[in-house]
Structures are given as C-alpha cells and as structure tokens.
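# Observations on the model geometry
If you want the building blocks of each chain, they are given just below.
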2 protein chains.
Amino acid sequence: MNLLFLGTSAGVPTKTRNVTGIALRESKGKGWYLVDCGEGTQHQVLHTKLSFHSLKAILITHVHGDHCYGLPGILASAAMGGRKAPLTIVAPASIKTWLEATCEVTQLCLPFALEFIASDDLPSVEFENIAVETFSLSHRVASYAYAFTERKVDAVLDVAKLAQKGIPRGPLWGQLKQGFDIEFAGERLKSHDYLIFKNTPRKVVIAGDNDQPDLLNEACAEAQVLVHEATYTEEMAQKAGDVGHSYAKLVAAFAESIKLPSLVLTHFSPRYQFSSHASPSIEDIRKEAEGAYSGSLFLARDFGEYTLEKTGHFSEVVGE
Amino acid sequence: MNLLFLGTSAGVPTKTRNVTGIALRESKGKGWYLVDCGEGTQHQVLHTKLSFHSLKAILITHVHGDHCYGLPGILASAAMGGRKAPLTIVAPASIKTWLEATCEVTQLCLPFALEFIASDDLPSVEFENIAVETFSLSHRVASYAYAFTERKVDAVLDVAKLAQKGIPRGPLWGQLKQGFDIEFAGERLKSHDYLIFKNTPRKVVIAGDNDQPDLLNEACAEAQVLVHEATYTEEMAQKAGDVGHSYAKLVAAFAESIKLPSLVLTHFSPRYQFSSHASPSIEDIRKEAEGAYSGSLFLARDFGEYTLEKTGHFSEVVGE
C-alpha cells in the first residue's frame, strides 16, 4: 500500500502546496483511491504515474471547498480520457446533490456511472483488494475518516474457531478465506475473525478535518498508519482562534496514547513554509509533534510518497 | 491595457498548459478583469502579480467546465484573503444558480457581495475605466464574447456635433467628456459619438468557444485585438469531427476580412504541444493562420503577456 500526497495546504493553495488530495495505491496492481479532491487535484495527478482509468473510488471527507472543488473537473477529465468503468464515490450526501447540479448546469454528461455511497451512513465498502470503513469526526460540518484495510492477505483459516462456531467445511470456509464476510445462522461473520494472518493486514486511516483526534480510537484499532490534519501548532491555533481543526500536539498525544506505529501530519495552514529558515515553518509543527509522540512521525509534502510494507513497516519512498 | 493568459488548453489541462483563464489589466492602476475561470485559474494567479483585491469582475463566456470550474475556488480564496469589495460576475444565468448551490452545499459564506449580471441579456456594463459589451456566439451551448473598451481616453468634445444635436453647454457636456452616456430629450446618447479622440480608444474583444467567427463582425468594429479560440487546424478539426469549435484558418480568414490589426489565438486542443518538433505542434496552427491572415498574429502561451498601447500597437511583453 502506498500513499501519495497531492496537496498538503489547508483552505487555499500556495505556490508550492496544493489543497487536499491523497492517493492510496493498492499493493497489488495499479488500482488507487483518492481521498479528497481539492481544486487542482487533477493537475497534480498529471505529474504522477496515476491514471484515471485505474481509479477505484473517490472518497470525500467533508463538504468544504478545499476538499471537493476538484471533483467536477477530475470527473470531466476522466470522461475525456475515455474512462468507461463505473466509479464509486463515497461522500456526504449533499455532494451528490451538488455534483448533479454541476453536471446539469455545465452540461457534463459522464460516459461512466457514478456509484454514490453516502458517508453520512458510516458505510463499510468492499472493493476487490481493499475494505473501507467510515468513522465520524468533529468539525464545523460533518466530517469523516476512512479506514483502508487490505483484503486477500496471506492467511490460513482458524479451523478451531470455525469448528467451535459450528460452520461446516465447504463454500463458507472458502469465502471467509478469500476475505469475504458471510451470513451464517442469521449472523454476519467477519472474515478477519476466522483467519490467522501471517502478517496483520495493512491498515491506513485517513481522517478529514477534525478537532477531536480521540474520536479515532476505534478507527485506528490494528492500524499501522494514521493520516491526520495538523493545521497549526498549539500557539498558532490559539492565535487564530480557529474552530474545528487540530494542532500538532493534540494529534501527536492521541497517537501516542494508542501506541500508533506511524503518524503522517498534513493540511498545514498556508502560512507555514517548508524551509526551516521560514517563520512559521512546518518544522515548528514537527517539533511540537515530536515532543508528544514517540512513533514514526512524517510531515507530508506535495508529491511525497510513502509505502506500507506487508510487515507493517512504513517509510518514505525515496525519489527514483 | 494588458492581456495575461492564465491557461490556453481546451477541455482538459496538460502538464504545461491550464484550461481557459484570461486576465485583462487596465492601463491605469491595478484593476483587472478575468475572462473565464477554468479549474486551477487561482493557482495560476499565484504565479503572477495579480491580486484578488484589485479584481473588478469575472466574466464567463459559457457554462462548460473548462471555462468555469475554477469559479468557486477563486471566490473562496478571495474571501480567505480578506476581500470585502463587491465583485461583478457577468455570466450565463445558470452559473448564478450553480454558484448559489455550490455556496450552500459547501457552506461557503462570502464576505463580499456578488453583483451578478446575466450575459444572456447581452448587457453593456460600465466600470470606472472600462466599458464591456456582450455579443452572442455559436457553440454547443450559449456562448458569448466580451468587448472591452477603455473609457476616459484623451479626447475633446465634438462641439459642432453637440450644437447640431441641440445639447446645451453644461453638466451634460461634462458627463459626455468623462465618457458617460447620457439621456437627452428621451434618447440615450453615447459618449463616444460626441468625442474626438486623440487616439482611437483601446478595444479588445475576447470570445468564448465559437464555430462562426463571422458573428463577431459588430463586436470587432474599431477593435485593435481579437482573442479567439483555434482549437485545431482544419485537418484535425475534420478528423475530430468536432462540433462547436473553430480551426485556425476559419478565424484567420475572418480577421483578414475585417482588416483586424491583431489576432491572438488560444484554447488549443491538449494534443498540441509548443515544441515545433512535436506532432501535432501549435506551430501547425500558426502556419495555417499565417496563410490566411496578414495582420499581427500571436499564439497565446500560459503566462504570456501582451500589451496594447494608446497608439493601438499590440505586442508581447518580453519577460523581466
């Protein structure tokens, strides 16, 4: 599983950082998922190896423009690029209303179906290689986190547990082995509960804007990586009088409290620059987070790419 | 008057060319007008000296996404940048509906008023230093051209004509002298008709997508410059089977027929590259146009800037 950051700026783009867009690539094949789609996300994609043909789904964390204004354009460009395959969109229900209004006003007729799933219902969505779960956050508007867990990981059936549950050997065992949840005796049984994994399945949680990281407790169970906004340092957050966002220490302390292996911070206020000589600098955010978190800490850069290996090891991909 | 091209690609952005956005800067002060606002236009503006505070109006030629998807984002960024002054938007009426839906769904509350003028009514709009007229074009959807004529040019009153019309010396003369149209004896009199200009007022026509350049006959009267799309060469247009766009020769022949001093072509299909070694190359479009037009021909580049002097001389601004 790879993460590729297409934008790391909060609210407005800067000369060097775009607004939010995060690509999560499957470990198998070229399939990818786009979490948030701020304006200009399609422009960023042009500078990567990602193709609109292999995009499996777009997931929007919340309705603010810096997270969704790129949606009509990316769909139009996928259409003009010849995409025919249906595309799943997981987003707040009002985004569907807006997209429909946009298509009507701008006479955009997509040659592929949009399979819309409302994140307000906290859906679990299963793709071929990835299962996605949805969790509620706290922001000025409804905001969500999406947890991506790989399916089809190397695993053997937990035969003792299957026998104990009285599940007969046969097709149901096969389905569980392949990572599908099943119905048995009126109960929904999760594949993961009947498998013994060689490695813990890879799991990445990507959160939208949120001022209460603690809400991610359940989402982060068994996750190796959390991607969370850290719009400010604590001091700057107080100065800004901002409502609805997190500062570095708040997120870092949460990650520390759950012993999260790896934390990626992003969505930095546009006033922050990467240069350590600048003031304020993204290094200020790093320092504050380091003081509260002992795991592997990363501060996302536009076009920064990170890989999560089977073993759970997470690291930055060094440029080719 | 200066023209600064923020995007020259048709339909979709490329790695080096954005979709349509054209800034027209007043000769006096820093005021500017934005014609079309494809996705990423605000990102392009960041790389210029233009400020959202001095933006006088946004004019949209038609509803297609590559001409308007950047509108919500540019308004949001102007708001976050502290703009308070009202902003005029001249656009097809359905753009107003779409902007309102967008603001509602994405909870965008602008701290400045939008003064919306429907281009469907072919309005004439007078700004302090510029008068704008609207003309209908031919495209798959309603499409418009905007003619920008400078006001307050050095001129003296045509006293003989004023006397002949029976307009009494006094405040009405003053208004006409300052470039304001007046009501007199139940008739609307145009300032321009009662002035003797030292130089012809500068006039630039910027057209939206259009497959019948002849429609611009009236719009181009007394204009020094026409900016028009040339999406293809004639051969490529036939291959593409495209409906609604112009090819180089068609526009060039029209410009030649009206003895237009300067023509700027833009909105090139994304398949065209600037390198003369590429195929197809924008040079192919240039060659085709040169064969049919004997005036000053320019092929717009992203961030290419052009100046129209008082004398009517139009030329590219060479980089600082």
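Every value quoted in this text rests on a predicted model; they were computed, and no experiment measured them. (Residues numbered from 1 in each chain as written. Chains lettered and ligands numbered in written order. Predicted model: local features only at pLDDT ≥ 70, side-chain atom pairs only at ≥ 80, totals over all residues. Heavy atoms only, no water.)

## Brief notes about the overall build of chain A
Put simply, the rule is: Secondary structure elements follow DSSP: runs of H or I no shorter than four residues count as helices, runs of E no shorter than two count as strands, and numbering proceeds from the N terminus. Throughout, radius of gyration means the C-alpha value; the globule benchmark is 2.2 Å times the number of residues raised to the power 0.38. Burial here depends on accessible area, computed with a 1.4 Å probe over protein chains only, as a share of the maximum for the residue type. Under 20% is buried, over 50% is exposed, and the range in between is partly exposed.
Counting secondary structure elements, chain A contains 9 helices and 19 strands. Radius of gyration (C-alpha) of chain A: 20 Å, near the 20 Å computed for a compact globule of 320 residues. Counting only C-alpha atoms, chain A reaches 65 × 50 × 40 Å along its principal axes. When each of the 320 residues of chain A is scored for burial, the buried share is 59%.

## Focus on the pairing of strand E2 (residues 21-25) of chain B
All names here are of chain B. What counts is decided by this rule: For two strands to pair, DSSP has to find at least two bridges joining them.
Burial analysis of E2 places 4 of its 5 residues in the buried class, the great majority of the element. Of the pairings in the sheet, the one linking strand E1 (residues 2-7) to E2 comprises 5 bridges and is antiparallel in character. Counted as the bridge partner of asparagine 2 is arginine 25 from E2. The pairing of E2 with strand E3 (residues 32-35) spans 4 bridges and is antiparallel.

## Quick notes on the packing of helix H4 (residues 93-105) of chain A against helix H4 (residues 93-105) of chain B
Operational definition: To obtain an axis, a line is fitted to C-alpha atoms, over the contacting stretch when the element is a helix, and the angle between two such axes runs from 0 to 180 degrees between their N-to-C directions. With respect to orientation, any angle under 35 degrees is reported as roughly parallel, any angle over 145 as roughly antiparallel, any angle of 65 to 115 as roughly perpendicular, and every other angle as oblique. Throughout, a residue-residue contact means that at least one pair of heavy atoms, one from each residue, lies within 4.5 Å. Under the scheme applied, nonpolar residues are Ala, Val, Leu, Ile, Met, Phe, Trp, Tyr, Cys and Pro; charged residues are Asp, Glu, Lys and Arg; polar residues are all the others, including Gly.
Relative to each other, H4(A) and H4(B) sit at 170 degrees, their axes nearing to 10 Å. For the element pair H4(A) / H4(B), the angle class is roughly antiparallel. Residues A:Ser94, A:Ile95, A:Trp98, A:Ala101, A:Thr102 and A:Val105 of H4(A) touch H4(B), and the partners they reach there are B:Ser94, B:Ile95, B:Trp98, B:Ala101, B:Thr102 and B:Val105. Class assignment of the residues belonging to the contact of H4(A) with H4(B) gives a composition of 8 nonpolar, 4 polar and no charged.

## A look at the sheet that holds strand E9 (residues 144-150) of chain A
Residues and elements named next belong to chain A. Strand order in the open sheet formed by 7 strands is E7-E8-E9-E14-E15-E16-E17, with mixed pairing between adjacent strands. Looking along the sheet, the strands with just one partner apiece sit at the ends: strand E7 (124-126) and strand E17 (296-299). Within this sheet the neighbouring strands show an average axis-to-axis angle of 15 degrees, counted without direction. In this sheet, strand E15 (residues 225-229) lies alongside strand E14 (residues 203-207) in parallel orientation, the contact comprising 3 bridges. Bridge assignment links isoleucine 206 to a residue of E15, and that residue is valine 227. Of the strands in this sheet, E15 and strand E16 (262-266) touch helix H8 (residues 248-257), which is tilted by about 165 degrees from E16. Helix-sheet contacts for helix H9 (residues 282-290) involve E16 and E17, and the interaxial angle to E17 is about 160 degrees.

## Looking at the relation of the copies chain B and chain A
To keep things clear, this is the line we draw: In superposing the copies, a least-squares fit is computed on C-alpha atoms, taking residues whose pLDDT is at least 70 in both.
Once chain B is rotated about the relating axis by 180 degrees and shifted along it by 0.0 Å, it coincides with chain A to within an RMSD of 0.0 Å. The transformation just described matches what one would write down for a two-fold rotation axis. Rotation axis and chain B: the residue whose C-alpha lies nearest the axis is B:Gly40, separated from it by 2.6 Å. Both copies present the same face, since 100% of the interface residues in chain B are matched by interface residues at the equivalent positions in chain A.

## Section: the interface of chain B and chain A
Short version of the rule: Here the quantity called buried area is the total loss of accessible area, with a 1.4 Å probe, experienced by two parts when brought into contact, counted for both. Counted as salt bridges are all cases of a side-chain nitrogen of Lys or Arg within 4 Å of a carboxyl oxygen of Asp or Glu. Two N or O atoms form a polar contact when they lie within 3.5 Å of each other; inside protein one atom must be a possible hydrogen donor and the other a possible acceptor, and for residues adjacent in sequence the pair counts only when both atoms belong to side chains.
Residue-level contacts link 36 residues of chain B with 36 residues of chain A. Buried area between chain B and chain A, summed over both chains or domains, comes out near 2,700 Å², and the portion from carbon and sulfur atoms is 65%. When the buried surface of chain B facing chain A is broken down by residue, B:Glu39, B:Tyr69 and B:Val105 rank first, second and third, together holding 25% of it. Taken together, the connections running from chain B to chain A amount to 0 salt bridges. Seen at the junction of chain B and chain A, the total is 12 residue pairs in polar contact (both at pLDDT 80 or more). When contributions to the side of chain B that touches chain A are tallied by element, the ones reaching two or more residues are helix H1 (41-45), helix H2 (65-68), helix H3 (71-80) and H4 of chain B. Along the lines of polarity and charge, the residues of the side of chain B that touches chain A split into 16 nonpolar, 18 polar and 2 charged.

## Observations regarding the side chain of A:Thr88
All names here are of chain A. Along the polypeptide, threonine 88 turns up in strand E5 (residues 87-91). Overall, threonine 88 belongs to the buried group, its relative accessible area being 9%. Not counting chain neighbours up to four residues away, the residues in contact with threonine 88 comprise Lys56, Ala57, Ile58, Glu115, Ile117 and Phe127.

## Details of H4(B)
Put simply, the rule is: The span one expects for a helix is its residue count, reduced by one, times 1.5 Å. Taken from the helix axis, the directions to the C-beta atoms give the arc we talk about.
A rise of 1.5 Å per residue sets the reference length of H4(B), with its 13 residues, at 18 Å; its end C-alpha atoms lie 19 Å apart and thus fit the reference within 8%. Along H4(B), the residues that are buried comprise B:Ile95, B:Trp98, B:Leu99, B:Thr102, B:Cys103 and B:Val105. Buried positions in H4(B), seen along its axis, are confined to an arc of 170 degrees and lie on one side of it. Along H4(B), the residues that are exposed and aim more than 90 degrees away from the buried face are B:Thr97 and B:Glu104. Structurally, H4(B) contributes buried residues whose contacts are with H4 of chain A together with H2, H3, strand E5 (87-91) and strand E6 (114-118) of chain B. With its phi angle positive at about 50 degrees, B:Gln107 sits one or two positions after the end of H4(B).

## What to know about the environment of A:Phe197
Residue and element names in this part refer to chain A. Here phenylalanine 197 is to be found in strand E13 (residues 195-197). Measuring from C-alpha to C-alpha, the distance between phenylalanine 197 and alanine 131 comes to 16 Å, with 66 residues separating the pair along the chain. In contact with phenylalanine 197, not counting residues within four places along its chain, are Val153, Asp154, Ala155 and His192.

## Structural notes on the packing of helix H3 (residues 71-80) of chain A against H4(A)
Residues and elements named next belong to chain A. Here is the rule we go by: Rotating anticlockwise by less than a right angle from the far helix to the near helix defines a left-handed crossing, while the corresponding clockwise rotation defines a right-handed one.
For the pair H3 and H4, the least separation of the axes is 10 Å and the interaxial angle reads 55 degrees. With respect to H4, the element H3 is oriented oblique. In this structure, H3 meets H4 at a crossing whose hand is right-handed. Across the interface between the two elements, Leu71, Pro72 and Leu75 from H3 touch Ile95, Trp98, Leu99 and Thr102 from H4. Here the contact of H3 with H4 is built from residues that sort into 6 nonpolar, 1 polar and no charged.

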